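Breakdown of the fold
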Amino acid sequence: MTVAPYIGRFAPSPTGPLHAGSLVAALASWLDARAHGGRWLVRIEDVDTPRCVPGADQTILTQLIACGLVPDAPPLWQSARGAHYQAALDRLAAAGLAYPCGCSRKDIAQALAAAGQGRERHGELVYPGSCRGGLRGKAARAWRFRVPDESCVDWTDRRLGPQRQDVAQEVGDFVLRRADGLWAYQLAVVVDDAAEGITHVVRGEDLADNTARQILLQGALGLPTPAYLHTPLVLGADDEKLSKQNGAVALNTGHALRCLREAGAALGLPATSIDAATDIPAWLSAATRAWAATISA
Ligand code: GLU
């Protein structure tokens, strides 16, 4: 029997140091790669430059290594990959699947109000397609993906089970390149997951909602769709996903084993079977066995 190669990744945005929540995603992606006998890569997702904190990339890499999570190849920085994103956008545009948009947020809100719709989701307006047929004299600001009318995407998350999203209805034509010239996460992540040969994406549950968009883009670009697993979120005091805004503190890698134990508990790993480990390598190998026993391929 030949076993398909496994390549996984952890793809942090360098908006601050790793904290208890981001370690859960990092650890889960590492454990899943190890449990499959696969490779584990790290990609620094620094396309949203206004949100990036100088030096946070190196801090994250140092924190991962202190926790024994060592990438199998040198990390990739998205800020160095603009030419690849441009090539993908050019292909989509040539196929009529991407178009320039001249709408400001106010234009979009007005168009929605005029149509009697106030469709909004996670603070994002559902784009009504105003520039689908051309810019009508406006200057191009952003580039959008032309979501097919029939765009109900069914996919299965390895932890959450069957998922469905009607992207046209729930999201609309989404941004590939922003009005400020920055590349959008959706395009960059799809191009890079394919370029790195990622077969399995393991990441936080807050990102599950992006998956249908990414599957549509993969289809439009002729790229394979990886398997997806979204991990439980660690919540802050306000019951929202733990983040800098609600009190997440940088991992104290002076106590890396304790940090790993807490992350393992958040993943539901049975503490009793791995408790005995008193150093990081021993804990990680016990945790890999525990992970392998609980997951599906
Ligand atoms: N860079 C994203 C984040 O830190 C993760 C992207 C992904 O794993 O697909 O939230």
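For the structure, check the block above.
This part takes up the site of the ligand. Every residue near the ligand is listed here: Arg 9, Ala 11, Pro 12, Ser 13, Glu 45, Tyr 185, Val 189, Arg 203 and Leu 207. Between a nitrogen atom of the ligand and a side-chain N or O atom of Ser 13, the distance comes to 2.8 Å. One of the side-chain nitrogen or oxygen atoms of Tyr 185 is found 2.8 Å away from an oxygen atom of the ligand. Compared with its free state, where it exposes 300 Å², the ligand has 81% of that area covered by protein. Among the residues forming the shell around the ligand, the class breakdown is 5 nonpolar, 1 polar and 3 charged.

Mapped onto the fold, Pro 162 is located in strand β9 (residues 161–166). Residues Pro 162 and Asp 90, 72 residues apart in the sequence, show an inter-C-alpha distance of 33 Å. Ignoring any residue separated from it by four or fewer positions in sequence, one finds Pro 162 in contact with Trp 155 and Thr 156.

Membership of the largest hydrophobic core comes to 39 residues, with the highest contact counts inside it found for Leu 27, Leu 64, Leu 69 and Trp 283. Sorting the residues of this core by element identifies α1 (20–35), β2 (39–44), α2 (56–66), α8 (256–266) and α10 (280–294) as the ones contributing at least two each. Per-element tally for this core: the top contributor is α1, with 9 residues. Setting aside its immediate chain neighbours within four residues, Leu 64 contacts Phe 10, Leu 18, Ala 26, Trp 40, Val 42 and Leu 69. Counting 31 residues, the second-largest nonpolar core is a separate cluster that includes Ile 198, Val 201, Ala 212 and Ile 215.

Here we take up the side chain of Asp 193. Within the secondary structure layout, Asp 193 lies in helix α6 (residues 185–195). There is a polar contact of 3.0 Å between the side chain of Asp 193 and the side chain of Arg 9. Separated by 3.0 Å, the side chains of Asp 193 and Arg 43 make a polar contact. Contact partners of Asp 193, with chain neighbours within four places excluded, come to Arg 9, Arg 43, Ile 198 and Val 201.

Moving on, we come to α10. Compared with an ideal rise of 1.5 Å per residue, which puts 15 residues at 21 Å, α10 spans 21 Å between its outermost C-alpha atoms and is within 8% of the ideal. Within the sequence span of α10, burial applies to Ile 280, Trp 283, Leu 284, Ala 286, Ala 287, Thr 288, Ala 290 and Trp 291. Put simply, Asp 279 is the residue that caps the front of α10, since its side-chain oxygen is 2.8 Å from the backbone nitrogen of Ala 282.

What counts and how
Note on numbering: residues in each chain are counted from 1, in written sequence order. pLDDT decides what is reported in this predicted model: residues at 70 or higher carry local features, side-chain atom pairs at 80 or more are listed and counted, and totals for whole chains, interfaces and linings draw on all residues regardless. Heavy atoms from the whole structure form the basis of all side-chain values; hydrogens and water molecules are not counted. Only heavy atoms are used to decide nearness, and a residue is near a molecule or strand if one of them lies within 4 Å of it. Two N or O atoms count as a polar contact when they lie within 3.5 Å, although within protein this holds only if one can serve as hydrogen donor and the other as acceptor, and sequence-adjacent residues are included solely when both atoms are side-chain atoms. Surface accessibility in these figures is a Shrake-Rupley result with a 1.4 Å probe; residues are shielded only by whichever protein chains are displayed. Note that Gly is not counted as nonpolar here; it falls among the polar residues with everything else outside the nonpolar set of Ala, Val, Leu, Ile, Met, Phe, Trp, Tyr, Cys and Pro and the charged set of Asp, Glu, Lys and Arg. Note on conventions: DSSP H or I runs of at least 4 residues are helices, E runs of at least 2 residues are strands, and numbering of each starts at the N terminus. We call two residues in contact when some of their heavy atoms are within 4.5 Å. Each nonpolar core is a collection of buried residues, namely Ala, Val, Leu, Ile, Met, Phe, Trp, Tyr and Cys, held together in the definition by side-chain atoms within 4.5 Å. Exposure classes here rest on a 1.4 Å probe applied to the protein chains alone. A residue is buried below 20% of its type maximum, exposed above 50%, and partly exposed in between. Here the expected length of a helix is defined as 1.5 Å per residue gap, with one fewer gap than residues.

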